[in-house]
There are 6 protein chains.
Amino acid sequence: MRVLAIGAHPDDVEALCGGTLAKCAARGDRITIMIATNGNVGSSTLSREEIAAVRKKEAEDAAALIGADLIWMGFDDEFLFHDRQTRLAFINAIRKADPDFMFVTSPNDYHPDHRICGEIAIDCRIPVTVPLIETEYPPMSKIPHVFLMDTVGSVGFEPDAYVDITDTYELRGRMLQCHESQGAWLQYVYGMDYAEFLARPTAMRGMAIGVKYAEAFRSLPMYPISGGSYMLP
Amino acid sequence: MRVLAIGAHPDDVEALCGGTLAKCAARGDRITIMIATNGNVGSSTLSREEIAAVRKKEAEDAAALIGADLIWMGFDDEFLFHDRQTRLAFINAIRKADPDFMFVTSPNDYHPDHRICGEIAIDCRIPVTVPLIETEYPPMSKIPHVFLMDTVGSVGFEPDAYVDITDTYELRGRMLQCHESQGAWLQYVYGMDYAEFLARPTAMRGMAIGVKYAEAFRSLPMYPISGGSYMLP
Amino acid sequence: MRVLAIGAHPDDVEALCGGTLAKCAARGDRITIMIATNGNVGSSTLSREEIAAVRKKEAEDAAALIGADLIWMGFDDEFLFHDRQTRLAFINAIRKADPDFMFVTSPNDYHPDHRICGEIAIDCRIPVTVPLIETEYPPMSKIPHVFLMDTVGSVGFEPDAYVDITDTYELRGRMLQCHESQGAWLQYVYGMDYAEFLARPTAMRGMAIGVKYAEAFRSLPMYPISGGSYMLP
Amino acid sequence: MRVLAIGAHPDDVEALCGGTLAKCAARGDRITIMIATNGNVGSSTLSREEIAAVRKKEAEDAAALIGADLIWMGFDDEFLFHDRQTRLAFINAIRKADPDFMFVTSPNDYHPDHRICGEIAIDCRIPVTVPLIETEYPPMSKIPHVFLMDTVGSVGFEPDAYVDITDTYELRGRMLQCHESQGAWLQYVYGMDYAEFLARPTAMRGMAIGVKYAEAFRSLPMYPISGGSYMLP
Amino acid sequence: MRVLAIGAHPDDVEALCGGTLAKCAARGDRITIMIATNGNVGSSTLSREEIAAVRKKEAEDAAALIGADLIWMGFDDEFLFHDRQTRLAFINAIRKADPDFMFVTSPNDYHPDHRICGEIAIDCRIPVTVPLIETEYPPMSKIPHVFLMDTVGSVGFEPDAYVDITDTYELRGRMLQCHESQGAWLQYVYGMDYAEFLARPTAMRGMAIGVKYAEAFRSLPMYPISGGSYMLP
Amino acid sequence: MRVLAIGAHPDDVEALCGGTLAKCAARGDRITIMIATNGNVGSSTLSREEIAAVRKKEAEDAAALIGADLIWMGFDDEFLFHDRQTRLAFINAIRKADPDFMFVTSPNDYHPDHRICGEIAIDCRIPVTVPLIETEYPPMSKIPHVFLMDTVGSVGFEPDAYVDITDTYELRGRMLQCHESQGAWLQYVYGMDYAEFLARPTAMRGMAIGVKYAEAFRSLPMYPISGGSYMLP
């Protein structure tokens, strides 16, 4: 299968579905990670250009760990908006990845970029198949299924699918550690270190299904239903 | 009564409230069908301009079958956005129709244009009455009531009103058949023919109220409540 | 796998998950159908004892069509209540079937017996595993996963899993036809014939996933999550 | 039309749909008020028998003001439970009234008797039509439609229908004043006088629809949908 | 504490949390009222510029009554949209007020400006703390907690916190009366006078907690939870 | 303040609000722990009488650690039902504790005893104040406020209040360790040790508010609202 994970910022995908992507990779899926913004505010010490460059490199390193392709959209961090140009850029990027299913940030997640990124991705679900919407890549032949990723803090999110990531937890940890610029930043803004940020939600979701670590998802309930949780590893 | 049905694309209104509009017409209501986009991507063979022209003609023919006025907004298919110019165009069009109540696409329907079209229409409910918002047509004297139309596939929609359309089912079928360019398109994108698309949801909603065919709606719960399902035919 | 479908009345299981059970049978699952009440009010012409006897025979015939075991609980139709004796009877019956997962009627379905039957079944999920609750059959070794079946009329039910039953639709039809005493009864109470009752909801749910006929379910979101829709055929 | 309003206690019906019943009476409906419990704890000074007798008289007086029949069930106040005998008593009483639609207390209202009374009434919706459930009164020929009444304090209740009761507000006030034993009781338990208890929720619901006073309801979303808010006066 | 109340129009804050702000002022909080639009359509007789000037003066007078600072954003009434420039203006204004918690209009309130204003404010919750987003005022040192204000008409809003405003009800009345230009306007659009508009919802919410008048709120459930209703006066 | 925590089984209260109770104790509240069932199935080796005796002793030891009173109801584990006798026993026990607020198990928690215990407790909220319901202890003078405790596994529970229990986490651990008979049982049924069971949910809820450990609650939204989260420590 072809899998596309769409994050608003570098490290979102690793944090919210990294263990699952690693399992997908292990079963032979072709994986693409697409990142909407360039993360250019994620520092309390570097300039916007500097931190953006650092984060792109970090994202590439993380993706490489599971052999994933990376699509770097480069929109300004904290300023993703839903306009024609952004939607077209998303349509083109999704077509490039041509996924059977997509992981997207939840439209009620905690950060505006997460919410808007998720909405744009969902809004592209149908248009990616429409021939008269012309972009660099050709129209897809079928509507990809969509999974919403858990929210940060698991606030306001009721999963209907869980993936046991005990086996890939360590690899996911290494993916997250590629984003070392964000260790200090998380500590600065949320007072939490990466290890905790990594462990707590997956331990909780793991408890729900009786394993050590799990990631949680929700199938988008929207016509036409073009997949389901049986697609998950 | 004056009734306004707002669809995102040509044929939305016929598919989601066509039988009800035909009943409204039969009891003497003045009916307007307003279509936000020009449907200019709905083809796998024609150019954008060609398919838009075809669809406008189809929409006019369908409207004529129940004596409805047609307001053709002409926005680009798949690219309806919620900005000042679009809202003003909607305000003006709604004022032209001056409805007692409106049918709008549901803000959680399956297609981005449906969701955004419904949101814009709902956002115009109050402003259409405000004199200092000047458009071609004069301000309305009262806030129109809003009914959300069923979603495509009836996913994520809990009706609170049903209309028995058994008597107008055949006429609604003829309205939909006016959109003959979309028969091939539906088959192309969703693998479903028009007859099925027509029959399945209305048979299901009909079962709920014990009749052969029905359409389902939901009153918008928003202050001030300016009408209710007693307005329906 | 071992599958248990629990209906409140004879014919509930056939109507709400019959096509799925037939698919389970086809892949080699061991299937048990458990029926809470004896259907002893389902007639406008026979006595309670007569109609109960007729319906038991019908249920046996329907179960035989897919090689399913039948557990006949024999509670009075329309008078299922949630008390100690009923819960113990359910615990014992579920242990007898020893399922990996169960289909149960939804706690917000249209009929009081459906609602209460679903609640009792859900309430037995944990106790079936507890050794100190002694019944005829031994405690189960793991908590069975629970799927709620669609509601009658699909009112107030948002599925998170669909099963394409196009291939077993005809067989499901024959299962339902075994309940021939109910043809007249459905017509008497709901003004609907069996063929319609069979076709409408599955055609609608089929449309949602782009097939001819489907049945729809919802995983019970309750700790511990002991399965998921990947178990479905 | 025939209308049945089912309250858990004497004065519930007057407080939650009294103005609407008065409008029903004014248009010629046949109205029955059915009261589940005898109100025998509603006093801080009288004995259980004394207060029950007082309240029955009060209920009769209130019903007489709009020409309604009264069905006094006589269950113990605060101890309504959902068992076979209670359900049969409800089935019989509903059959006696033979309503086109019923007003019932909401299953999430504030008082246990309200919640359970509403649930029992809803659970009787289908069985009242079943011939083999034999009670004093004959089976009904059709399933009555159900409206949930607003909750006390309007907490956790989202209406989908409103009735303007400005014209019958004064008459409703006189109905409530018949329950004069409860004036002191309300003050004792909730620190609120009857006039306020009467005015506040209806003024608020009235504001929602732009009138002086209104009562609010919700159609029960349950198969088969056998009516709708068009039935309301 | 520092408190920021964000209204879409002049008088929103007074109507939806005025009594609570007055209590905050009484306990010594530093209060800022921020108004997104200039109210320049709120008249059926004056020009846009005239009514905007009138309303600014009214807002200043109302704020002065409780010693609150006023931030006048000046966007066009009825045309608030969610774009980069508007978000930046909100970020800057919130930073100026530097609040511990904010009151914002609910994203499902009745008026498009209310919905969008609430969304923008919520979207600024995180960015206000980010140093690389540079505006006139410096980044905040912690994420402010957010309370959603009750909707107009209390439609579709389930509070989880109430504030008894009986003591400040009269003062809130005087704040609202500063907006005397809107008395005629409310009568014109909604057929309701200010006194009623003031009294009805607060009397209803007061009934819920057993006091004369109350205002109702809901904590925003979003990571990181940076406060709670214990902050309220 | 007087605080009552009602668990279905010995150890529920410690697991779901133990840290909060310890904080209540530290600020001087009078605390009562009430346990509905005797836990007499919670063993795979002892007899029902033996394990019940063990668990009573464990519960007493745990309560003693925070100086709480213990009310041992003694109903059969897994067979709590909602009948008159059980409700009266609850009313009497609540009156004995005479709480300002109660913690109760959530009506959608994972275990039938939890669900039913929570429902019974909620159903007693009003009747505990009614003089004509005579039990051993006198009627309470005011309606206690109710907090729902988090569900096990945090499935289907959206908190509106959090308590930082970092300081009492160790003490809560010792309370849970008093229930040493359940260590083996948890391992037997859910494959999880007590330490994990203790740590995972509180670490997750702690993350939501930016602390090490937290417990989460939800105020019951039901008239009359007689308290709020400001009561929590």
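As the structure is a computational prediction, the values presented were derived from the model and not from experiment.

A.B. asks: Tell me about the overall build of chain A, residues and numbers included.
C.D. replies: When you go through chain A residue by residue, the secondary structure sums to seven helices and seven strands. Written out in order from the N terminus, the α and β elements of chain A read β-α-β-α-β-α-β-α-β-β-α-α-α-β. Rg of the C-alpha trace for chain A: 16 Å, near the compact-globule value of 17 Å for 233 residues, within the 12% margin. With the C-alpha coordinates of chain A rotated into their principal frame, the extents come out at 45 × 45 × 30 Å. Relative to its 233 residues, chain A shows a buried fraction of 68%. Here the analysis covers contacts within chain A between residues at least 6 apart in sequence; of these, 78% occur between residues at least 24 apart. Accessible surface, chain A as shown: approximately 7,200 Å² in total, 51% of it carbon and sulfur. Each charge class in chain A can be summarised by its mean position, and for the 21 positive and 32 negative side chains these summaries are 5 Å apart.

A.B. asks: An account of the pairing of strand E3 (residues 69-75) of chain C is needed here, citing residue identities and associated values.
C.D. replies: All names here are of chain C. Judged from the five bridges that link them, strand E2 (residues 30-37) and E3 form a sheet pairing that is parallel. Each bridged residue has a counterpart across the sheet, and for threonine 37 the counterpart in E3 is phenylalanine 75. Since E2 and E3 lie parallel, the crossover through helix H2 (residues 48-65) that links them has a hand, and here it is right-handed.

A.B. asks: Account for the relation of the copies chain B and chain E, naming residues and giving values.
C.D. replies: Here the second copy of the chain follows from the first by a rotation about an axis and a shift along it. Overlaying chain B with chain E gives an RMSD of 0.0 Å, the required rotation being 120° about an axis along which the chain moves by 0.0 Å. What we have between these two chains is a three-fold relation.

A.B. asks: Quick one: what's the story with the environment of Ile143(E), residue by residue and with numbers?
C.D. replies: Structurally, the position occupied by Ile143(E) is in the loop between helix H4 (112-124) and strand E5 (145-149). Using a relative accessible area of 7% as the deciding quantity, one classes Ile143(E) as buried. On a C-alpha basis, the gap between Ile143(E) and Tyr194(E) in space is 35 Å, while along the polypeptide they are 51 residues apart. Residue contacts for Ile143(E): discarding those within four places in its chain leaves Val189(A), Tyr190(A), Arg125(E), Ile126(E), Thr129(E), Pro224(E) and Ser226(E).

A.B. asks: Explain the interface of chain B and chain E to me, using residue names and the numbers behind them.
C.D. replies: Contacts between the two partners involve 21 residues from chain B and, on the opposite side, 29 residues from chain E. Sorting the residues of chain B by area buried against chain E places Arg84(B), Leu132(B) and Tyr223(B) first, and these three jointly supply 40% of that buried surface. One salt bridge in this structure joins Asp76(E) and Arg84(B), with 3.0 Å as the shortest N-O distance. At the junction of chain B with chain E, the criterion picks out four residue pairs in polar contact (both at pLDDT 80 or more). Looking at the side of chain B that touches chain E, the elements that each hand over two or more residues are helix H3 (84-97) and helix H4 (112-124) of chain B. At four residues, the largest contribution of residues to the side of chain B that touches chain E is made by H3(B). A per-class count over the side of chain B that touches chain E returns 14 nonpolar, two polar and five charged.

A.B. asks: Talk me through the interface of chain F and chain A; I want residue IDs and the actual numbers.
C.D. replies: Counting residues at the interface gives 19 residues for chain F, matched by 19 residues for chain A. In terms of surface lost to chain A, no three residues of chain F exceed Arg200(F), Met204(F) and Met207(F), which account for 43% of the buried area on that side. If you look at where chain F meets chain A, you find zero salt bridges. Our count for the contact surface shared by chain F and chain A stands at eight residue pairs in polar contact (both at pLDDT 80 or more). Of all the elements, helix H7 (residues 194-209) of chain F adds the most residues to the side of chain F that touches chain A, at eight residues.

A.B. asks: Give a detailed account of the relation of the copies chain F and chain A, specifying residues and quantitative values.
C.D. replies: Rotating chain F by 180° and moving it 0.0 Å along the rotation axis overlays it on chain A with an RMSD of 0.0 Å. Each copy turns onto its partner about a two-fold axis. No C-alpha of chain F approaches the rotation axis more nearly than that of Met204(F), which lies at 3.2 Å. Here 100% of the contact residues of chain F are again contact residues in chain A; the copies associate through an equivalent surface.

A.B. asks: Any details on unusual backbone geometry? Residues and values, ideally.
C.D. replies: Backbone torsion omega between Tyr223(B) and Pro224(B) reads -15°, so that peptide bond is classified as cis. Along the chain, Pro224(B) turns up in the segment after strand E7 (214-219). Backbone geometry places Glu78(E), a non-glycine residue, at a positive phi of 75°. Summarising the element assignment, Glu78(E) is placed in the loop between strand E3 (69-75) and helix H3 (84-97).

A.B. asks: Outline empty space enclosed by the protein, listing residues and values.
C.D. replies: All names here are of chain F. Per the stated rule, a full pass over the model turns up 19 cavities of 30 Å³ or more. Each pocket or cavity is described by its volume, and for the largest cavity that value is around 450 Å³. Lining the largest cavity are 34 residues, with Asp11, Asp12, Tyr110, Val152 and Phe197 positioned closest to its centre. Secondary structure elements with two or more residues in the lining of the largest cavity: helix H1 (12-26), helix H6 (181-190), H7 and strand E7 (214-219). Of the residues in the lining of the largest cavity, the class split is 17 nonpolar, eight polar and nine charged.

A.B. asks: Provide a residue-level description of helix H2 (residues 48-65) of chain D, including the pertinent values.
C.D. replies: Residue and element names in this part refer to chain D. With 18 residues, H2 should cover 26 Å at 1.5 Å per step; its first-to-last C-alpha distance of 26 Å lies within 8% of that length. Turning to H2, its buried residues are Ile51, Ala52, Arg55, Glu58, Ala59, Ala62 and Ala63. Take H2 and look down its axis: the buried residues cluster within an arc of 130°, on one side only. Exposed and oriented more than 90 degrees from the buried face of H2 are Glu49, Ala53 and Ala64. Residues of H2 that are buried make contact with helix H1 (12-26), strand E2 (30-37), strand E3 (69-75), helix H5 (169-178) and helix H6 (181-190).

A.B. asks: Could you give an account of the arrangement of the chains, naming the residues involved and the relevant values?
C.D. replies: Contact between chain C and chain E is absent, and the least distance between their C-alpha atoms amounts to 19 Å. One thing to see here is that chain B and chain F don't touch, and their nearest C-alpha atoms sit 19 Å from each other.

Cut-offs and rules
- Each chain has its residues counted from 1, following the order in which its sequence is written.
- Written order decides the labels, with chains lettered from A and ligands numbered from 1.
- Note on the predicted model: pLDDT of at least 70 is required for a residue's local features to be given, and 80 or more for side-chain atom pairs to be given and counted; whole-chain, interface and lining totals, by contrast, use all residues.
- The basis for the side-chain values is all heavy atoms of the structure; hydrogens and waters are excluded.
- Counting from the N terminus, the helices are the DSSP runs of H or I reaching at least four residues and the strands are the DSSP runs of E reaching at least two.
- Two things to know: the radius of gyration comes from C-alpha atoms, and the globule rule equals 2.2 Å times the number of residues to the power 0.38.
- Burial here depends on accessible area, computed with a 1.4 Å probe over protein chains only, as a share of the maximum for the residue type. Under 20% is buried, over 50% is exposed, and the range in between is partly exposed.
- When checking whether two residues touch, look at their non-hydrogen atoms; a contact exists if any pair is within 4.5 Å.
- Every accessible area reported is derived by Shrake-Rupley at a probe size of 1.4 Å, with residue values counting cover from the shown protein chains alone.
- Charged residues are defined narrowly, with Lys and Arg counted positive, Asp and Glu counted negative, and His plus the chain ends left uncounted.
- All charge positions are set by atom: Lys at NZ, Arg at CZ, Asp at CG, Glu at CD.
- For two strands to count as paired, DSSP must find a minimum of two bridges between them.
- Think of it like this: strands point away, you trace from the first strand over the helix to the second, and a clockwise trace means the crossover is right-handed.
- The copies were overlaid by least squares, fitting only the C-alpha atoms of residues that reach a pLDDT of 70 or more in each copy.
- Buried area adds together the accessible area that both of two parts lose upon being put together, with accessible area traced by a 1.4 Å probe.
- By convention in these notes, a salt bridge is any Lys or Arg side-chain nitrogen within 4 Å of a carboxyl oxygen on Asp or Glu.
- N or O atoms closer than or at 3.5 Å make up a polar contact, with two conditions inside protein: a donor-capable atom paired with an acceptor-capable one, and, for residues adjacent in sequence, both atoms drawn from side chains.
- Under the scheme applied here, ten amino acids are nonpolar (Ala, Val, Leu, Ile, Met, Phe, Trp, Tyr, Cys and Pro), four are charged (Asp, Glu, Lys and Arg), and all others, including Gly, are polar.
- Both cavities and pockets are sets of points on a 1 Å grid over the protein atoms alone; in a cavity a 1.4 Å probe fits but cannot get out, in a pocket the set is open with protein on both sides within 12 Å along at least five of seven lines, and lining residues sit with an atom within 4 Å of a point.
- Grid points are joined across faces, edges and corners, and a volume is the space filled by probe spheres set on the points.
- By definition here, a helix of n residues has an expected span of 1.5 Å times n minus one.
- What the arc covers is the set of directions going from the helix axis to the C-beta atoms.

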